[in-house]
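# Observations on the model geometry
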Amino acid sequence: MSIVSTDRAETDIAEQYADTAGRAVMETIRAYGVTTVFGIPGTHNLELYRPLAELGIRAVTNRHEQGSGYGADGWAQQTGLPGVVITTSGPGLQNAMSAIGTAFCESRPLLVVSPGVPRGEEFRDVGTLHETKDASAMVGAIAEWSRRVSSAAEAVDAVHDAFALFRTGRPRPVHIEIPLDVLEAPADLPASARAARPAARAERIDRDAVARAGRLIGAARRPVIVAGGGATRAVREVTALAERLSAPVLTTLNGKATLDERHPLSLGANLRLEAARDVAEAADVLIVLGSKLGSAELWAPALAVRGAVVRVDVSAAQLHKNLEATVGIVGDTAAVVAELLDALPAGTRAQPELAVVRDAIAVETREAAPETVELAERIAAALPDDAIVAGDSSQIVYLALANVVHQSQPHSLLYTPTYATLGYGLPAAIGARVARPDRPVVAVLGDGALMFCVNELATAVEQRLDLTIVCVDNGGYAEIRQNEVDRGIHPIGVDLVQPDWVALAAAFGGVGRRVDALDDVEPAIRAAVAEGGVQLVHVPQAALNRRDRSSKEDS
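In short, a report on the structure. (Residues numbered from 1 in each chain as written. Predicted model: local features only at pLDDT ≥ 70, side-chain atom pairs only at ≥ 80, totals over all residues. Heavy atoms only, no water.)

### Description of the side chain of His175
Locating His175 in the fold gives a position in strand β6 (residues 173-179). A distance of 2.8 Å separates a polar atom in the side chain of His175 from a polar atom in the side chain of Ser114. Not counting the four nearest positions on each side in its chain, His175 is found in contact with Leu93, Val112, Ser114, Ser136, Val139, Trp145, Ser146 and Arg147. (Helix = DSSP H or I, 4+ residues; strand = E, 2+ residues; numbered from the N terminus. Polar contact = N/O pair within 3.5 Å; in protein donor to acceptor, adjacent residues only side chain to side chain. Contact = heavy atoms within 4.5 Å.)

### Some remarks on helix α17 (residues 355-368)
The first and last C-alpha atoms of α17 sit 20 Å apart over 14 residues, in line with the 20 Å expected at 1.5 Å per residue. Among the residues of α17, Val357, Ile361 and Thr365 are the ones counted as buried. Buried residues in α17, looked at end-on, bunch into an arc of 70°, giving them a common side. In α17, the exposed residues that point more than 90 degrees away from the buried face are Val356, Asp359 and Glu367. Packing partners of the buried residues in α17 comprise α14 (274-281), α18 (370-382) and α19 (395-404). (Expected span 1.5 Å × (residues − 1). Buried < 20%, exposed > 50% of the residue type's maximum accessible area, 1.4 Å probe, protein only. Arc of directions from axis to C-beta.)

### Description of the nonpolar core
Counting residues in hydrophobic clusters, the biggest one holds 80 residues, and the most contacted among them are Val25, Met26, Ile29, Leu111, Ile178, Leu450 and Ile469. In terms of residues, this core owes the most to one element, helix α9 (residues 152-168), which gives 9 residues. Once residues lying within four places of it in the same chain are set aside, the contact partners of Ile178 are Val25, Val113, Ser114, Pro115, Gly116, Val149, Ala155 and Leu183. Tyr415, Val515, Leu518 and Ala528 belong to the second-largest nonpolar core, a separate cluster that totals 36 residues. (Core = buried A, V, L, I, M, F, W, Y, C linked by side-chain atoms within 4.5 Å.)

### As for empty space enclosed by the protein
The full count for this structure, using the stated rule, is 1 cavity of 30 Å³ or more. Counted as a void, the largest cavity has a volume near 40 Å³. What lines the largest cavity is simply Leu457, Val461, Ala505, Phe508, Gly510, Val511, Val534, Gln535 and Leu536. Those elements that place two or more of their residues in the lining of the largest cavity are α22 (456-462) and β17 (534-540). Top contributing element to the lining of the largest cavity by residue count: β17, with 3 residues. Residues that form the lining of the largest cavity fall into these classes: 7 nonpolar, 2 polar and no charged. (1 Å grid on protein atoms, 1.4 Å probe; cavity = no way out; pocket = protein on both sides within 12 Å on 5 of 7 lines; lining within 4 Å. Points joined across faces, edges and corners; volume = space filled by probe spheres on them. Nonpolar A, V, L, I, M, F, W, Y, C, P; charged D, E, K, R; others polar.)

### Let's talk about the sheet that holds strand β1 (residues 36-39)
If you trace the 6 strands from one edge of the open sheet to the other, you get β2-β1-β3-β4-β6-β5, paired in parallel fashion. The two strands at the open ends of the sheet, each matched to only one other strand, are β2 (58-61) and β5 (145-148). With strand direction ignored, the average angle separating the axes of adjacent strands in the sheet is 20°. As judged from the 4 bridges shared by β5 and β6, these two strands associate in the parallel manner. (Pairing = 2+ DSSP bridges. Axes fitted to C-alpha atoms, helices over the stretch in contact; angles between N-to-C directions.)

### A closer look at the packing of aromatic side chains
According to the stated counting rule, one finds 4 aromatic pairs in the structure shown. Aromatic rings pair up to connect Tyr32, Phe163 and Phe166 into one cluster. The ring of Phe104 has Arg172 sitting right over it, with the charged end atom 3.6 Å from the ring centre. (Phe/Tyr/Trp six-rings, centres within 6.5 Å; stacked < 30°, edge-to-face > 60°. Lys NZ or Arg CZ within 6 Å of the ring centre and 35° of its normal.)

Spatial relationships are all this shows, so hold off on functional conclusions.
In structure tokens:
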């Protein structure tokens with residue numbers, strides 16, 4: 001075939017797919033401000049990828065769709081926009097299910113778009129490529145909703161509905177399945193249909209409830225604020241409320257740094273600790289902003305609050321969950337708190353003395369795992385002040401780092417305290433760094449967690465990111481090992497063979513560093529962040545602890 005005929009064939013194909021449903025969907029997503037998507041191109045989803053470059057959308061190709069979901073989560077937390085994942089049909093979609101479950105559990109905005117079998121071909125059980133019994137029902141079992149559309153117009157409407165949910169409701173994952181024959185067919189939709197729709201007017205806040213809450217709070221002598229993930233976009237309002245009331249502020253891990261953790265009224269994200277919970281339970285009015293107060297955050301069945309409770313949440317279903325509200329107010333935290341401030345008397349109160357509480361929190365933190373806490377303090381000391389820290393369900397994070405690292409902005413700790421998945425930290429760090437190239441990003445996770453997602457080192461290198469990964473190696477699944485011992489089970493399946501982490505990082509195109517002494521932890525992390533590129537700092541915890549004990553004995 002001549003070059004001329006080849007070019008003509010390519011032109012004909014391009015014209016055939018110039019304006020498909022796939023393009024219409026991606027144009028609509030772009031109209032809402034999304035500039036990055038995560039996923040893996042596959043046989044059936046190519047018409048979703050075709051328009052990306054022209055639309056100015058960056059495509060991050062992960063090495064597993066679970067990483068795509070967690071990368072989108074990290075990106076979303078930095079931008080305030082939903083993370084978008086493109087999967088192929090069948091296994092690609094199924095690989096993203098853990099990330100979808102995480103987004104549902106942690107109330108994170110995630111839009112997953114996938115192709116599906118053509119209309120009329122639904123599970124014929126004849127062995128077609130990527131055959132799946134009912135993909136939409138599968139995702140619908142764990143997402144907020146999943147829709148199999150039947151036209152380009154329905155697909156675009158589903159995108160608009162997704163963004164309406166993300167803007168005004170409790171943010172959770174949604175899935176749009178587009179049959180292959182629809183995806184590849186002409187869209188036949190005007191540009192106006194693909195334009196972003198104005199945000200719906202927020203429902204009117206119950207002024208009577210605000211007035212009742214204002215009277216309770218105004219008369220309180222020991223008010224305390226608990227800020228959850230639903231309060232992180234209300235930093236200014238929450239800070240103003242705390243200062244007006246001189247009220248201590250505790251946060252959940254998802255709400256961490258809603259009040260700057262260096263603020264005199266901050267008690268940090270320490271609700272798992274008894275000393276912090278005691279403060280909340282002793283309040284004569286506890287103000288709960290955007291949190292379900294789940295047991296996974298509290299490490300206790302519930303808060304035993306003795307005073308009145310004012311709760312604010314965008315979802316009415318949350319107002320009495322896990323703790324009955326004396327007054328419940330439905331609405332966006334920023335808007336409701338602004339009205340509460342107007343309902344409160346002017347002036348400020350004397351600040352409470354919180355030094356004793358902070359000391360008790362610090363003692364309790366250290367007593368639980370002293371060696372892990374000391375290591376976490378060394379890691380925290382090495383981090384730049386504005387660092388975004390991506391954690392995983394690893395002991396170094398949930399026993400220590402989440403408590404000892406003090407941050408000034410919300411969404412600076414990326415973590416999944418309730419779903420508690422492994423394999424989240426590295427891809428979430430990648431998504432965060434793509435979104436915020438102006439801030440240093442450091443992933444801190446255990447060796448077991450890193451092996452869930454170690455393939456994403458290739459993604460970080462390919463994307464040319466400056467990203468430091470601190471791998472705290474405790475030899476495997478140490479928490480589960482202890483669980484087995486506590487139950488009288490001889491440890492089984494928990495002591496893991498370790499790769500040569502330094503060589504592994506180099507094999508992926510990064511730089512590996514091994515830390516051989518506790519005093520070297522901070523310099524190694526600082527050097528890695530300063531040098532840039534993909535850096536992996538391997539911290540063999542047992543070896544460090546042995547050397548540290550030996551040095552103390554020698555002295």
